[in-house]
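# Topology and contacts: notes
Here are the chains, one letter per residue:
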Amino acid sequence: MTALDATHDPVLRSWVESANDPASDFPIQNLPFARMRRAGSGEPWRFGVAIGDQVLDLRLAREQGGWGRVATAWLAPLAEGDLAAFMALGPGARRGLRAVLSAALREDSERRAALASCLVPQAAVDYALPCRIADYTDFYTGIHHATAVGKLFRPDNPLLPNYQWVPIGYHGRASSIVIDGTPLRRPLGQLKGPDDAAPRLAATQRLDHELELGFLIGAGNAQGEPIAMVDAEEHWFGTVLLNDWSARDVQAWEYQPLGPFLSKNFATTISPWVVTPEALAPFRVPFERPAGDPQPLPYLDSPANRAQGAIDIVLEVGLQTPRMREAGLPHQRLMQSNFRDSYWTIAQLIAHHTVGGCNLGAGDLLGSGTQSGPGAGQGGSLLELTLGGRQPIALANGETRTFLQDGDSIELRAHCERAGTRRIGFGRCEGHVLAAVKAA
Ligand code: MN
């Protein structure tokens with residue numbers, strides 16, 4: 001587990017004034033990375049670090065010099081937009097660069113004059129995926145989601161008996177992962193109502209979002225050599241928001257016996273800012289199982305995981321309809337939940353994924369599964385919030401929704417807040433729905 005150090009000091013302030021706004025997602029205590037360039041420019045992609053409402057362009061910052069030999073070497077792959085090469089330097093480089101950037105951005109830094117010219121407003125940049133997503137696995141760690149969805153799909157048998165023992169997951173599709181702001185086209189698929197004699201090909205009528213976190217793997221393991229719990233977090237490079245768009249009607253017909261396929265493989269959206277494990281260190285909490293639930297098997301257990309394997313991250317979903325957009329209304333919050341309610345921790349996902357010998361690689365992405373809270377209004381998907389489409393959501397402007405309509409936009413957000421620490425956030429993960437192509 002990452003120890004707290006001077007970079008976490010809650011009184012630390014930056015010379016970038018907007019970073020000192022208590023409501024900012026990106027104070028000097030956060031310092032997440034994104035692959036970016038000036039909007040509309042043909043510049044090569046490079047990495048930037050968020051600070052307030054600005055981005056410190058690491059390509060420009062490296063050119064300014066004055067970083068010393070070691071930090072200059074750390075900055076080189078980031079200046080070239082090559083996250084895999086930075087990951088290959090190991091977690092020590094990530095931690096070391098955090099300390100260097102924190103010092104350069106703090107209020108009393110001598111680098112202020114040199115680095116001020118390396119800032120770009122976040123409103124004036126385009127983002128790209130942080131790296132080539134090599135492989136993508138989606139887990140199912142939200143027990144409240146699993147139970148609520150299980151009730152809808154199997155009223156007599158909501159939570160299957162393996163759930164409390166196995167971190168359930170499936171192999172997702174890496175090719176269709178897109179960055180925040182990318183529109184998604186309503187997918188076609190086989191639909192079959194319970195009374196239909198045969199399925200038909202049509203655009204999904206039950207398009208949904210799923211509120212998830214995504215965990216980027218920074219260093220892999222050799223095939224046949226599992227990652228133990230005690231080492232697992234050293235393979236975790238960073239965390240993003242993840243929307244696992246889902247076509248519920250397609251899913252209901254196709255998911256047995258091998259799990260979701262076309263209902264999930266058309267698009268997955270992630271947020272641009274990769275929040276590091278170091279930034280999340282002040283928000284670690286114990287991993288606890290409800291009384292009466294089985295304890296994890298030994299290969300999914302460690303003292304560190306019990307002490308602080310979980311993370312307190314508030315998650316939320318906002319919806320904006322075309323009418324709201326035309327009226328200048330922001331996204332309306334639909335719900336909130338917390339990642340500390342996850343049934344499994346990040347270390348457990350990594351240990352379980354590899355225990356049979358599977359090799360993870362740099363740039364692999366692990367989805368958390370939908371994070372719903374225990375309460376009735378805390379579903380991390382419309383499927384849950386509308387009880388399978390039976391109970392429409394009433395929006396503040398008088399509109400209602402069961403599933404997503406063309407033009408609707410979904411925005412995921414997250415933040416961490418705890419007494420005695422500085423609040424940090426994840427930025428946003430947005431996508432909006434385009435009309436389907438015509439069915440053949
Ligand atoms: Mn999912």
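Quick look at the structure, then. Keep in mind the model is a prediction, meaning the values are calculated, not measured.

## Observations regarding the nonpolar core
Judged by nonpolar contacts, the single largest core of 61 residues is most densely connected at Leu-280, Ile-313, Leu-334, Ile-350 and Phe-426. Counting 51 residues, the second-largest nonpolar core is a separate cluster that includes Val-16, Phe-33, Leu-119 and Ile-177.

## Description of the sheet that holds strand E9 (residues 184-185)
Across a sheet, paired strands are connected by hydrogen bonds in the backbone, their directions being either parallel or antiparallel. The strand order across the open sheet built from five strands is E9-E25-E24-E19-E20, with neighbouring strands paired in mixed fashion. At either margin of the open sheet sits one strand with a lone partner, and together these are E9 and strand E20 (332-338).

## As for empty space enclosed by the protein
Inspection of every chain in the model, using the stated rule, returns four cavities of 30 Å³ or more. Counted as a void, the largest cavity has a volume near 60 Å³. Every residue lining the largest cavity is listed: Phe-86, Met-87, Gly-90, Pro-91, Arg-94, Gly-218, Ala-219, Glu-234, His-235, Trp-236 and Phe-237. Residue assignment for the lining of the largest cavity shows that the elements contributing at least two residues are helix H3 (83-87), helix H4 (91-105) and strand E14 (236-243).

## Details of the side chain of Asn-30
Within the secondary structure, Asn-30 sits in the segment before strand E1 (33-38). Residues contacting Asn-30, with those up to four places away along its chain left out, are Asp-25, Arg-98, Val-275, Ala-279, Ile-424 and Gly-425.

## Some remarks on the environment of Ala-291
Locating Ala-291 in the fold gives a position in the loop between strand E17 (284-285) and helix H10 (303-308). Classification of Ala-291 by relative accessible area gives exposed; the value is 82%. Considering only alpha carbons, one finds Ala-291 and Ile-311, 20 residues apart in sequence, at a separation of 20 Å.

## Comments concerning the packing of aromatic side chains
One pass over the structure, following the stated rule, counts nine aromatic pairs. For the ring pair Tyr-343 and Trp-344, a centre distance of 5.7 Å and an interplane angle of 80° mean the geometry is edge-to-face. The class for Tyr-343 is buried, based on a relative accessible area of 3%. Grouping aromatic residues by their ring pairs yields a cluster made of Tyr-140, Tyr-163, Tyr-343 and Trp-344. A cation over an aromatic ring shows up here: Arg-111 above the ring of Trp-67, its NZ or CZ 4.5 Å from the ring centre. The ring centre of Trp-344 lies 4.4 Å from the NZ or CZ of Arg-289, which sits over that ring.

## So, the coordination of the manganese ion
Protein coordination at the manganese ion comes from Asp-138 (OD), Glu-210 (OE), Glu-212 (OE) and Asp-244 (OD), with a distance range of 2.1 to 2.4 Å. Spacing between the donor residues of the manganese ion along their common chain follows D-x71-E-x1-E-x31-D. Of this pair, Glu-212 sits in strand E13 (residues 211-217) while Asp-244 sits in the loop between E14 and strand E15 (246-247), and the two are 32 residues apart along the sequence. The two residues Glu-212 and Asp-244 agree in class, both being buried.

What counts and how
All residue numbers refer to position in the chain's written sequence, counted from 1. With the structure being a predicted model, the display of local features is reserved for residues of pLDDT at least 70 and the display and counting of side-chain atom pairs for 80 or more, all residues being used for whole-chain, interface and lining totals. Side-chain metrics rest on all non-hydrogen atoms present in the structure, leaving aside hydrogens and water. As used here, the term nonpolar core means buried Ala, Val, Leu, Ile, Met, Phe, Trp, Tyr and Cys residues forming a set that is joined through side-chain atoms within 4.5 Å. For every residue, the accessible area (1.4 Å probe, protein chains only) is compared with the maximum for its type, and the residue is labelled buried under 20%, exposed over 50%, or partly exposed between those bounds. Here, strands pair whenever DSSP counts at least two bridges between them. Where helices and strands are cited, they refer to DSSP runs of H or I of at least four residues and of E of at least two residues respectively, numbered from the N terminus. Using a grid of 1 Å spacing that covers the protein atoms alone, one calls a set of points a cavity when a 1.4 Å probe fits there but cannot get out, and a pocket when the set is open and has protein on both sides within 12 Å along at least five of seven lines; lining residues are those with an atom within 4 Å of a point. Grid points are joined across faces, edges and corners, and a volume is the space filled by probe spheres set on the points. In what follows, residue pairs with any heavy atoms lying within 4.5 Å of each other are defined as contacts. Each Phe, Tyr or Trp ring (for Trp, its six-membered ring) is paired with any other whose centre lies within 6.5 Å, and the angle between the two planes then decides the class: stacked below 30 degrees, edge-to-face above 60, tilted in between. Placement of a charge over a ring requires the Lys NZ or Arg CZ to be within 6 Å of the ring centre, with the centre-to-atom vector within 35 degrees of the ring normal. Metal sites are built from N, O and S donor atoms within 2.8 Å, or 3.2 Å for Na, K and Ca, and they leave out water, so they may look incomplete.

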